[in-house]
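Now for the letters of each chain:
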Amino acid sequence: MGMVAPKEYGGRGLSYVTAALAVKELGKTYASLAMDIAAHNALAVGQINMFGTDEQKQKYLPRLTSGEWIGAWGLTEPNAGSDTGGIETKAEAHGDHWQVNGMKHFITTGRVADLVIVIATTGRTETGKNEISAFIMMKDQVEGVRKIHTYGMRASETSELRFTNSKAEILGERGKAGLHKVLSRWDSRGADEVSGDHKRRSLDVWDVARGVATGGTCFLHSALSGLTSQHRTRAGRCQVRQSFAAALVCAV
Ligand SMILES: Cc1cc2nc3c(=O)[nH]c(=O)nc-3n(C[C@H](O)[C@H](O)[C@H](O)COP(=O)(O)OP(=O)(O)OC[C@H]3O[C@@H](n4cnc5c(N)ncnc54)[C@H](O)[C@@H]3O)c2cc1C
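Computed from a predicted structure; not experimentally measured.

Draft legend 1. Examining the confidence of the model for the protein more closely. Counting all residues, the mean pLDDT for the protein is 79, and 70% of those residues have values of 70 or more. For residues 208–252, every residue scores under 50 in pLDDT, and the model assigns this stretch 68 contacts once sequence neighbours within four places are set aside.

Draft legend 2. Representation of the pairing of strand 5 (residues 130–138). With respect to burial, strand 5 is a largely interior element, seven of its nine residues being buried. Here strand 4 (residues 115–124) pairs with strand 5 via nine bridges, running antiparallel. Looking at the pairing, Val116 lines up with Met137 of strand 5. Here strand 4 folds back onto strand 5, and the loop between the two strands holds five residues, one of which, Gly128, carries a positive phi near 85°.

Draft legend 3. Summary view of the packing of helix 2 (residues 31–51) against helix 3 (residues 54–65). Following both chains from N to C, one finds helix 2 and helix 3 inclined at 155°, their axes separated by 10 Å at the closest point. Judged by the angle between their axes, helix 2 and helix 3 are roughly antiparallel. Where helix 2 crosses over helix 3, the handedness of that crossing is left-handed. On the side of helix 2, the interface is formed by Ala44, Val45, Ile48 and Asn49, while helix 3 contributes Gln56, Lys57, Tyr60, Leu61, Leu64 and Thr65. Residue composition of the contact of helix 2 with helix 3, by class: six nonpolar, three polar and one charged.

Draft legend 4. Spotlight on the environment of Thr65. For Thr65, the position within the fold is in helix 3. The residues contacting Thr65, other than those within four sequence positions of it, are Met1, Gly2, Ala5, Tyr9, Gly10, Gly11 and Val45.

Draft legend 5. Expanded view of the site of the ligand. Around the ligand, the surrounding shell holds 16 residues, and the nearest of these are Leu75, Thr76, Gly81, Ser82 and Thr108. Taken together, the elements giving at least two residues each to the shell around the ligand come down to strand 1 (71–74) and strand 3 (97–108). A per-element tally of the shell around the ligand places strand 3 first, with three residues. The class makeup of the residues in the shell around the ligand is six nonpolar, nine polar and one charged. Looking at which domains feed residues into the shell around the ligand, each of domain 1 (7–191) and domain 2 (192–251) gives three or more.

Draft legend 6. Representation of the nonpolar core. Counting 52 residues, the largest nonpolar core has Ala44, Val100, Ile117, Val118 and Phe135 as the members making the most contacts within it. For this core, the secondary-structure elements that each account for two or more residues are helix 1 (16–29), helix 2, helix 3, strand 1, strand 3, strand 4, strand 5 and strand 7 (158–170). Sort the elements by how many residues they give to this core and helix 2 lands first, with 12 residues. Discounting residues that sit within four places of it in the chain, Val100 has contacts with Thr89, Ala91, Val118, Ala120, Phe135, Met137, Phe163, Ser166 and Ala168.

Draft legend 7. Examining the pairing of strand 3 more closely. In terms of strand pairing, strand 2 (residues 90–94) meets strand 3 through five bridges, oriented antiparallel. Within strand 3, the residue paired with His94 across the bridge is His97. Turn length for the strand 2-strand 3 hairpin, with the two strands adjacent in sequence and antiparallel, is two residues, and the turn residue Gly95 shows positive phi of about 65°. As judged from the eight bridges shared by strand 3 and strand 7, these two strands associate in the antiparallel manner. Bridge assignment links Lys104 to a residue of strand 7, and that residue is Leu161.

Draft legend 8. Summary view of the packing of helix 1 against helix 2. Following both chains from N to C, one finds helix 1 and helix 2 inclined at 160°, their axes separated by 7 Å at the closest point. On the basis of the axis angle, helix 1 is roughly antiparallel to helix 2. Viewed along their axes, helix 1 and helix 2 form a crossing whose handedness is right-handed. In this structure, helix 1 contributes Ala19, Val23, Leu26 and Gly27 to the contact, and helix 2 contributes Ala31, Leu33, Ala34, Ile37, Ala38 and Asn41. Along the lines of polarity and charge, the residues of the contact of helix 1 with helix 2 split into eight nonpolar, two polar and no charged.

Conventions and cut-offs
- Each chain carries its own residue numbering, running from 1 in the written order of its sequence.
- In keeping with the model being predicted, local features are shown solely for residues with a pLDDT of at least 70 and side-chain atom pairs are shown and tallied solely at 80 or more, while totals for entire chains, interfaces and linings include all residues.
- Scored from 0 to 100, pLDDT reflects the predictor's confidence in each residue.
- A residue pair is marked as a contact if its C-beta atoms, positioned from the backbone, fall within 7 Å.
- Here exposure depends only on C-beta density: within 10 Å of a residue's C-beta, 20 or more other C-beta atoms make it buried, 12 or fewer make it exposed, and intermediate numbers make it partly exposed, the C-beta atoms being placed from the backbone.
- Here a strand is any run of E in DSSP of at least two residues, a helix any run of H or I of at least four, and the numbering for each starts at the N terminus.
- The rule for pairing is simple: two strands pair if DSSP sees at least two bridges between them.
- Here the axes come from fitting lines to C-alpha atoms, over the contacting stretch only for helices, and the angles between their N-to-C directions go from 0 to 180 degrees.
- An angle below 35 degrees is treated as roughly parallel, one above 145 as roughly antiparallel, one from 65 to 115 as roughly perpendicular, and anything else as oblique.
- Put simply, a crossing is left-handed when the front helix is turned counterclockwise from the back one by less than a right angle, and right-handed when it is turned clockwise.
- Note on residue categories: nonpolar means Ala, Val, Leu, Ile, Met, Phe, Trp, Tyr, Cys or Pro, charged means Asp, Glu, Lys or Arg, and polar means any other residue, Gly included.
- We call a residue near a molecule or strand when its C-beta atom, built from the backbone, sits within 6 Å of it.
- Domain segmentation is taken from an automatic or database assignment of domains.
- Structurally, a nonpolar core is described as a collection of buried Ala, Val, Leu, Ile, Met, Phe, Trp, Tyr and Cys residues joined by way of C-beta atoms within 7 Å.

Given below as structure tokens:
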């Protein structure tokens with residue numbers, strides 16, 4: 001539960017590459033769990049470890065790395081998926097805390113998590129863009145609207161969440177755990193780890209396609225049945241395209 005966190009906070013101090021390999025192995029037999037573990041490690045633990053103050057690391061990481069708490073990370077919204085700069089969830093300063101209003105969806109373990117890292121706007125930058133900050137929000141401030149039914153990964157609680165004047169603590173500095181930072185982490189590390197499982201499923205599709213190429217009997221339908229929404233991640237997409245292309249080639 002604390003693969004990427006330093007040992008002083010109860011973690012294992014592993015590299016993200018090692019963590020990605022662990023998730024990939026887990027994904028071979030239990031894809032939903034692999035996704036939950038990946039989100040907890042790369043997106044919740046990893047973000048606090050990267051952007052949190054020393055005090056926040058002391059306060060939150062040991063409970064996350066020990067597994068006492070589950071962590072989730074909420075960026076995606078109904079109107080902001082790939083276009084992450086367009087998020088509408090807002091946070092306003094209220095004395096010693098922040099108040100958050102908005103919605104998130106597709107949040108892995110969102111409804112069951114003890115702590116959610118919520119990405120919200122905190123104003124405008126000098127260039128007129130959304131200033132984006134990250135917040136630590138505890139479970140009692142999160143309304144779990146519903147579980148979103150996915151084609152696969154059904155044992156994972158993919159959730160829709162709502163925040164109404166929800167109390168939160170800013171993670172690190174205002175605007176500093178913002179979009180460019182979050183995405184640089186997501187691109188280089190989180191995505192690698194999360195996509196370990198997606199790659200595994202993509203490889204399954206590839207295996208089906210390869211089976212067809214070597215004389216197997218089931219072809220397009222089997223290949224297509226492996227294509228689920230989670231293949232939309234960049235890392236998965238390339239392999240899916242290859243697999244899909246191979247299946248099509250075999251079908252004709
Ligand atoms: C199982 C699952 C778990 C998830 N867990 C989390 C989580 O824990 N936390 C979190 O914050 N989010 C999570 N997500 C959300 C995920 O990050 C988003 O689904 C992803 O960012 C894409 O957003 P979207 O679904 O709104 O698709 P869209 O952004 O609407 O994209 C739809 C399609 O259009 C394409 N597209 C979009 N924009 C362009 C463009 N400009 N040019 C060309 N093509 C484009 C995309 O590649 C995609 O194929 C999860 C999603 C899934 C399916």
